Amino acid sequence: MKLKTILKATATAVLIAASAPAAMAAEIAVIGGMNSDQFWNKIKKGVDDARLVVEANGGKVDYLRMQSYDNFAADAADIIRVAISQNPDGIAVPNWVYESQDPAIKEAIAAGIKVILFNAGTIEKADELGAINYVGSDEYIAGRAGGEQLAKLGAKKGVCINTLPGTANIEARCKGMIDAMTEAGATAEQLPLPSTAFGDPAAIAEAVKAYLSQNPDVTGALAIGAGEADAAAIGIQQAGLTGKVSLGCFDFNEATLNRIKAGEQAFAIDQQPYLQALLAVTLLASHIDFGTDLPTAPLLTGPGIIDASNVDATIAGVQLGAR
């Protein structure tokens with residue numbers, strides 16, 4: 001090949017390279033719950049697997065976890081602002097408490113940061129704030145699934161044990177449960193506990209025992225989480241009502257599955273947290289890197305009912321770290 005031809009080809013290649021858009025390398029901040037919270041360790045598995053995809057495209061993922069739940073609403077807003085200070089391209093965040101978190105999320109979006117809501121929130125809230133989507137379970141629909149399940153089991157009066165009163169996702173769960181039971185001809189109400197009871201099994205067990213002693217007509221109980229269900233099961237046992245009060249819960253842990261397998265708990269409502277994190281992070285990174293988007297909104301990962309009919313398959317997923 002002549003030198004003139006080589007130089008011309010080289011110049012053309014340089015011009016093409018110079019005019020081509022630079023490859024994005026999305027830096028994503030993910031906000032999650034405490035290290036000691038087993039539910040959020042399932043989320044972490046999804047974050048870690050999504051990180052492989054993001055890093056393969058030259059990006060990075062930083063997982064910011066709540067340090068405690070003692071000052072939940074304020075801390076949930078503060079951790080978003082910590083993420084903003086790191087100047088990421090995107091933030092994946094649960095919108096637990098609208099009143100405190102909405103202003104911080106708006107600050108992120110105003111700073112040019114792409115936001116996706118996951119785990120807690122709604123597509124309506126995502127649209128209102130300007131987030132690209134919501135990935136997770138519709139908490140009201142999930143609550144209705146719990147109420148319908150309790151009604152099918154014959155519960156004529158139910159209680160939703162709420163250790164995080166005032167948080168949007170938990171209030172929606174309890175409202176869904178109450179509405180579904182009411183429509184089925186039963187009754188239901190909330191048992192709101194102080195937020196200090198969250199993560200305190202002894203306090204929850206004592207409160208459930210006292211409530212059931214004062215309300216002997218309650219035959220169905222729905223706990224807002226797996227840890228709460230562990231404590232509620234103890235409270236039911238201490239009240240002498242094991243087998244008489246059908247217990248359900250949102251999410252699950254090993255003890256939940258063991259109780260379901262042994263017939264000591266009726267069901268658990270699964271929102272598939274692994275998928276929530278995996279999908280939220282990869283969708284956000286792809287949106288930033290390549291401009292992709294989904295017409296499906298919200299992207300629901302639940303609810304699913306785990307009971308005696310499918311508990312063994314769920315246990316197999318747990319052993320692989322994704323359930």
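The structure this text deals with has already been given above.
A brief structural summary. Worth saying up front: this structure is predicted, and the values here are computed from it rather than measured.

Conventions adopted
- Residues numbered from 1 in each chain as written.
- Predicted model: local features only at pLDDT ≥ 70, side-chain atom pairs only at ≥ 80, totals over all residues.
- Heavy atoms only, no water.
- Helix = DSSP H or I, 4+ residues; strand = E, 2+ residues; numbered from the N terminus.
- Expected span 1.5 Å × (residues − 1).
- Buried < 20%, exposed > 50% of the residue type's maximum accessible area, 1.4 Å probe, protein only.
- Disulfide = S-S within 2.5 Å.
- Polar contact = N/O pair within 3.5 Å; in protein donor to acceptor, adjacent residues only side chain to side chain.
- Contact = heavy atoms within 4.5 Å.

1. Observations concerning helix α4 (residues 98–110)
If you check α4, its first and last C-alpha atoms are 17 Å apart, about what 13 residues at 1.5 Å a residue would give, namely 18 Å. What α4 keeps buried is the set Ser100, Gln101, Asp102, Ala104, Ile105 and Ala108.

2. Brief notes about the state of the cysteines
Going through the model one piece at a time under the given rule, you end up with one disulfide. In this model, cysteine 160 is linked to cysteine 174 through a disulfide, with the two sulfur atoms separated by 2.0 Å. On the sign convention where negative means left-handed, the S-S torsion of about -70° between cysteine 160 and cysteine 174 marks this disulfide as left-handed. Placement of the pair is cysteine 160 in strand β6 (residues 157–162) and cysteine 174 in helix α7 (residues 168–183), with a sequence separation of 14 residues. The exposure classification of cysteine 160 matches that of cysteine 174, with both residues buried. Cysteine 160 supplies the cysteine sulfur nearest to cysteine 249, a cysteine that is in no disulfide, at a spacing of 11 Å. Take cysteine 249: its relative accessible area is 0%, and that puts it in the buried class.

3. A closer look at the side chain of arginine 173
Looking at the element boundaries, arginine 173 is found in helix α7. At 2.9 Å, the side chain of arginine 173 and the side chain of glutamate 139 are in polar contact. Apart from the residues lying within four places of it in its own chain, the contact partners of arginine 173 are Glu139, Gly143, Ile224, Phe250, Asp251 and Gln271.

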